[in-house]
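One letter stands for each residue in the lines below.
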Amino acid sequence: MSSIKRILVTGGAGFLGSHLCERLVAAGHDVICVDNFFTSQKSNVASLLTAPNFELVRHDIIHPLWLEVDEIYNLACPASPGHYQYNPIKTMKTSVMGAINLLGMARRCRAKVLQASTSEVYGDPEVHPQPESYRGSVNPIGPRACYDEGKRAAETLFMDYHRHNGVNVRIVRIFNTYGPRMHPFDGRVVSNFIRQALAGEPITIFGAGNQTRSFCYRDDLVEAMIRMMNGPDEFVGPVNIGNPGEFTIRQLADLILELTGSRSQVVEKPLPVDDPERRRPDIALARERLGWEPRVPLREGLAKTIDWFRSIRLEEFRAPTPNY
């Protein structure tokens, strides 16, 4: 039996999706990348376009899609607050209708399907660090709910399709991830700080910068997703994927200033609504079931990310929304 698989990656031209596509193409699989290019760039997958085992399709997964595949990685959804709040109804549709369409395809094709969920399902957590058993503290009517509740609903759909229709599913909950190919205008804290530092602009933090985040390098995250997809069928998750190292936003700003040699000043702005105070994954389950833990320290990963930011021309990147 051939080991070459037909693999669909939705959101495949995005920051994480493009790197995942590269890994799968290099492994010899037939890869179909589907993306609507709302927050992604065709340049992210330009190097793959001449590969005979890679195909790029412009499509929005809120609409049905008919393909014959063996595996599906669902990474399609705007993931930074400015982008998912720009059109919150569309964000919810992407999570819910997208999940329904892909789960239907997986059921028909008898394909494995992995949902890229998020640490945002935990909301502003009352338990720290966050284990998979924690059910979260989410505001269902707040400005972030389109993303938080959309991802929670997608997890519900995945589990119901698994229990009632026998679909072979996987769920990973992704914590803050960074690395080369982050969109410079995605509004995330790492890309904001690097872009501001390199330009000599003020580095903007919200509040005093005492809120904490855990930052996982892109390569580590993609490795975990592949291990989850290739793992035993009885382990469907959800499983936390992230770096348990915890840093304040102020510490992150100071480290980026050091690594860039920038003389930018740090300025404080009011905290956004429902912004989590603390965020750190409990990855005991990933260690046990996937044999995985992150290997790239923050300083090393930031240095690689800064090098990439120095190599690009910002004018070649369009801001997906007017929010940034």
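For the structure, see preceding data.
Residues numbered from 1 in each chain as written. Predicted model: local features only at pLDDT ≥ 70, side-chain atom pairs only at ≥ 80, totals over all residues. Heavy atoms only, no water.

## A look at the overall build of the chain
Line of reasoning, step 1. Secondary structure assignment for the chain yields nine helices and 13 strands.
Line of reasoning, step 2. Radius of gyration (C-alpha) of the chain: 19 Å, near the 20 Å computed for a compact globule of 324 residues.
Line of reasoning, step 3. With the principal axes as the frame, the chain shows a C-alpha extent of 60 × 45 × 40 Å.
Line of reasoning, step 4. Looking at the chain as a whole, 56% of its 324 residues are labelled buried.
Line of reasoning, step 5. Long-range pairs, those at least 24 residues apart, make up 82% of the contacts in the chain between residues at least 6 apart in sequence.
Line of reasoning, step 6. For the chain, the exposed area adds up to about 14100 Å²; of that, 50% sits on carbon and sulfur atoms.
Line of reasoning, step 7. Placing the 38 positive and 37 negative side-chain charges of the chain at their respective mean positions leaves the two points 2 Å apart. (Helix = DSSP H or I, 4+ residues; strand = E, 2+ residues; numbered from the N terminus. Rg over C-alpha atoms; globule rule 2.2 N^0.38 Å. Buried < 20%, exposed > 50% of the residue type's maximum accessible area, 1.4 Å probe, protein only. Contact = heavy atoms within 4.5 Å. Areas by Shrake-Rupley, 256 points an atom, 1.4 Å probe, with all protein chains shown as cover. Lys, Arg positive; Asp, Glu negative; His and termini not counted. Charge placed at Lys NZ, Arg CZ, Asp CG, Glu CD.)

## Observations concerning the nonpolar core
Line of reasoning, step 1. Leu20, Phe54, Tyr73, Met225 and Ile241 are the most contacted members of the largest nonpolar core, which totals 62 residues.
Line of reasoning, step 2. In terms of residue count, helix 6 (residues 218–230) provides more of this core than any other element does, seven residues in total.
Line of reasoning, step 3. In terms of nonpolar packing, the next biggest core, distinct from the first, is built from 25 residues, Val34, Ile61, Leu103 and Val169 among them. (Core = buried A, V, L, I, M, F, W, Y, C linked by side-chain atoms within 4.5 Å.)

## Side note on the packing of helix 5 (residues 189–199) against helix 7 (residues 249–260)
Line of reasoning, step 1. It is the contact of helix 5 with helix 7, at a shortest axis distance of 10 Å, that shows an interaxial angle of 40°. In terms of orientation, helix 5 and helix 7 fall into the oblique class. The handedness of the crossing between helix 5 and helix 7 comes out as right-handed. Within the contact between the two elements, helix 5 uses Val189, Val190, Phe193, Ile194, Ala197 and Leu198 and helix 7 uses Ile249, Leu252, Ala253, Ile256 and Thr260. (Axes fitted to C-alpha atoms, helices over the stretch in contact; angles between N-to-C directions. Parallel < 35°, antiparallel > 145°, perpendicular 65-115°, else oblique. Left-handed = near helix turned anticlockwise from the far one by under 90°.)

## A few points about the sheet that holds strand 4 (residues 71–74)
Working definition: the strands of a sheet are paired by backbone hydrogen bonds and lie parallel or antiparallel to each other.
Line of reasoning, step 1. Pairing is parallel across the open sheet formed by seven strands, whose spatial order is 3-2-1-4-5-6-11. Unpaired on one side and paired on the other, strand 3 (54–58) and strand 11 (239–241) mark the two borders of the sheet. Sheet twist, expressed as the average angle between the axes of neighbouring strands with direction ignored, equals 20°.
Line of reasoning, step 2. Pairing analysis gives four bridges linking strand 1 (residues 6–10) to strand 4, with the strands arranged parallel. From the neighbouring strand, leucine 8 faces strand 4, where its bridge partner is isoleucine 72.
Line of reasoning, step 3. The strands that helix 1 (residues 15–26) touches are strand 1, strand 2 (30–35), strand 3, strand 4 and strand 6 (168–174); relative to strand 1, the one it contacts most, it runs at about 170°.
Line of reasoning, step 4. Relative to the sheet, helix 6 contacts strand 4, strand 5 (112–118), strand 6 and strand 11, its axis offset from that of strand 6 by approximately 160°. (Pairing = 2+ DSSP bridges.)

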